[in-house]
Amino acid sequence: MDSVNDSTVMDESLNAQGSVAASDSGLPNADGMDGAVADSVGIGGTDAISVPAMPTAEQLGISVVSGFVGENGASQPMAVTVGDTFDFPVTVSWSVNGSALLVLPTSSANAKGITQLGVSQESARSVKDGKEVASITFTYKLVAQDTGDLHIPAMKFEIPTQMGAPLEMKSENVPVRVDAPFNPLPVIVGAVVALCIVFAGIWRARRRSAARASAVARNAAQDALREKMVVLKQRINTADSREWLLELENICKEAVPVKFVPAGETDASARTAAPNGTAADSDDGWEPLLKEFAHARYGGGKRDAFELREIWKAAMKLLGVEEE
């Protein structure tokens, strides 16, 4: 039998709704598609016809980009907070000459920890490198329901053709980092605790400073009192006994409130108080000394040097002053 050349004639366009002419969209026509019809020799009286292979999306210049792409063309990392709703775009683009493609999504973005709430699409045209480029962007509305390093699955799409089988394509899966929501309470509590510690440290520092200042003042008063008592001792043999006793009385009146009476208590009764805070006329050791002061004022205060020395020792003991 003579061999017969059979040709498979293909339509010049895809289906009417959302389709594009093959010569305009980049889809191959009957003469140019890979795997065009090859002549076959019938065997046993039967003619065989070879079927052309379906081209891939890459061969037709159709690209799928998922996620947000930076200026360098690389996908930007995604990070969201659990419970947040966020948009995830997937763009299908191709070179056209005044035509459009019907692109149908055939999968969802549901995955572990991620739930799809809805999807919308938007068409656009642009010029890139002198060529017109058409695109359809599918924006998936997603919600993150778990924390950790999750993945948005690859999205699948189909383009119906007159060849019977649709043209299939899919995007890449995209990692997304889902963090727990920020809780300001621990930060606030930590800041409050830190402030309390700082204020406590300042208060303790001021208290210690005040205690040091008070100790310095007490030591200065003690040194001044000791100096007066030493000078008074040196005058035992030369000074008039009455004047000596009256001077000792003045020293005691000045010293007792400074050493033993609270601040602000400067009235006459406080100035005659004993070192231990009791009244001066009580039996606390001050009574003999007070009698000597009264004798000096009203009885002449005549005393010998050894008597003045004993009075001086008693006053030193009552005032809590030690001779160096």
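Sequence positions are assigned chain by chain, starting from 1 and proceeding in written order. Since the coordinates come from a predicted model, pLDDT governs what is reported: local features require at least 70, and pairs of side-chain atoms require 80 or more to be given and counted, while whole-chain, interface and lining totals use all residues. Calculated side-chain values reflect all of the structure's heavy atoms, with hydrogen atoms and water omitted.

Peer 1: Quick one: what's the story with a nonpolar patch on the surface, residue by residue and with numbers?
Peer 2: Patch construction takes residues with relative accessible area above 30% that form no salt bridge. Like charges are linked within 9 Å, and nonpolar side chains (Val, Leu, Ile, Met, Phe, Trp, Tyr) are linked within 5 Å. Per-residue and other accessible areas were derived by the Shrake-Rupley procedure at a 1.4 Å probe size, with only the shown protein chains allowed to occlude residues. Just to be clear on terms, a salt bridge is a Lys or Arg side-chain nitrogen sitting within 4 Å of an Asp or Glu carboxyl oxygen. Side chains of Leu 185, Val 189, Val 193 and Ile 197 sit close together on the surface and give an oily, nonpolar patch of about 360 Å² of accessible area. Of note, Val 193 is situated in helix H2 (residues 184–234). Strands here mean DSSP runs of E at least two residues long; helices mean DSSP runs of H or I at least four residues long; both are numbered from the N terminus.

Peer 1: Could you give me a rundown of the pattern of salt bridges, with the residues and numbers involved?
Peer 2: Counted under the stated rule, the structure contains eleven salt bridges. Arg 235 is the salt-bridge partner of Glu 247, the closest N and O atoms lying 2.4 Å from each other. You can see Glu 247 sitting in helix H3 (residues 241–260) and its partner Arg 235 sitting in the loop between H2 and H3, a full twelve residues away along the chain. For Arg 303, the salt bridge identified is with Glu 292, shortest N-O distance 3.0 Å. Of this pair, Arg 303 sits in the loop between helix H5 (287–298) and helix H6 (305–319) while Glu 292 is found in helix H5, placing the two residues eleven residues apart along the sequence. Categorising residues by exposure relies on relative accessible area from a 1.4 Å probe, with only protein chains included: less than 20% of the type maximum marks a residue as buried, more than 50% marks it as exposed, and the intermediate range marks it as partly exposed. For Arg 303, a relative accessible area of 23% translates into the label partly exposed. The exposure class assigned to Glu 292 is buried, which follows from its relative accessible area of 18%.

Peer 1: Describe in detail the sheet that holds strand E5 (residues 114–128), supporting the description with residues and values.
Peer 2: Taken together, the four strands give an open sheet; going across it, the order is E1-E3-E6-E5, and neighbouring strands pair in antiparallel fashion. One side of each edge strand has no neighbouring strand; the edge strands of this open sheet are strand E1 (63–66) and E5. Adjacent strand axes in the sheet meet at a mean angle of 20° when their direction is disregarded. When DSSP finds two or more bridges between two strands, those strands count as paired. Here E5 pairs with strand E6 (residues 131–144) via 14 bridges, running antiparallel. When the sheet's bridge partners are listed, Lys 128 is paired in E6 with Lys 131. All axes here are fitted lines through C-alpha atoms, helices being fitted over the stretch that makes contact, and every angle between N-to-C directions spans 0 to 180 degrees.

Peer 1: With reference to specific residues and values, describe the nonpolar core.
Peer 2: If you look at the biggest cluster of nonpolar residues, it comprises 31 residues, and the most contacted ones within it are Ile 62, Phe 88, Trp 94, Val 103, Tyr 140, Ile 152 and Phe 157. It is E6 that provides the largest number of residues to this core, a total of six residues. The contacts of Tyr 140, once residues within four sequence positions are left out, are Phe 86, Asp 87, Phe 88, Val 90, Pro 105, Ser 107, Ala 109, Gln 116, Gly 118, Val 119, Met 155 and Phe 157. The set of buried Ala, Val, Leu, Ile, Met, Phe, Trp, Tyr and Cys residues whose side-chain atoms join them within 4.5 Å is what this entry labels a nonpolar core. Ile 251, Ala 296, Leu 308 and Trp 312 belong to the second largest nonpolar core, which has 24 residues in total. In this description, contact between two residues means that some pair of their heavy atoms is separated by no more than 4.5 Å.

Peer 1: Can you tell me about the confidence of the model for the protein chain, naming the residues and giving the values?
Peer 2: As a per-residue measure, pLDDT reflects the predictor's confidence and takes values from 0 up to 100. Model confidence for the protein chain is summarised by a mean pLDDT of 76, while 73% of its residues fall at 70 or above. Across residues 258–264, confidence stays below pLDDT 50; counting only partners more than four residues off in sequence or on other chains, it has ten contacts. Within the model, pLDDT remains below 50 along residues 266–283, and this stretch shows 31 contacts once partners closer than five positions in the same chain are excluded.

Peer 1: Quick one: what's the story with the sheet that holds strand E2 (residues 78–81), residue by residue and with numbers?
Peer 2: The mixed open sheet is built from three strands, whose spatial order is E2-E10-E7. Strands at the two margins of the open sheet, each flanked by one partner only, are E2 and strand E7 (148–152). In this sheet, adjacent strand axes meet at a mean angle of 35° when their direction is disregarded. Of the strand pairs in this sheet, E7 and strand E10 (residues 174–179) are connected by five bridges, and their pairing is antiparallel. The residue bridging His 151 from the neighbouring strand is Pro 175, located in E10.

Peer 1: Account for the environment of Thr 56, with residues named and values stated.
Peer 2: Tracing the sequence through the fold places Thr 56 in the loop between helix H1 (22–25) and E1. Look at Thr 56 and you get partly exposed, because its relative accessible area is 36%. With 113 residues separating them in the primary sequence, Thr 56 and Met 169 have C-alpha atoms 8.0 Å apart.

Peer 1: Can you lay out the packing of H2 against H6 for me, pointing to particular residues and giving the numbers?
Peer 2: At their nearest, the axes of H2 and H6 sit 11 Å apart, and the two run at 175° to each other. Compared by their axis directions, H2 and H6 come out roughly antiparallel. Judged by residue contacts, Leu 225, Met 229 and Lys 233 of H2 engage Trp 312, Ala 315, Met 316 and Leu 319 from H6. Here the term charged refers only to Asp, Glu, Lys and Arg, the term nonpolar to Ala, Val, Leu, Ile, Met, Phe, Trp, Tyr, Cys and Pro, and the term polar to all other amino acids, Gly among them. Here the contact of H2 with H6 is composed, by residue class, of six nonpolar, no polar and one charged. Any angle that falls under 35 degrees is termed roughly parallel, while one over 145 is termed roughly antiparallel, one within 65 to 115 roughly perpendicular, and all others oblique.

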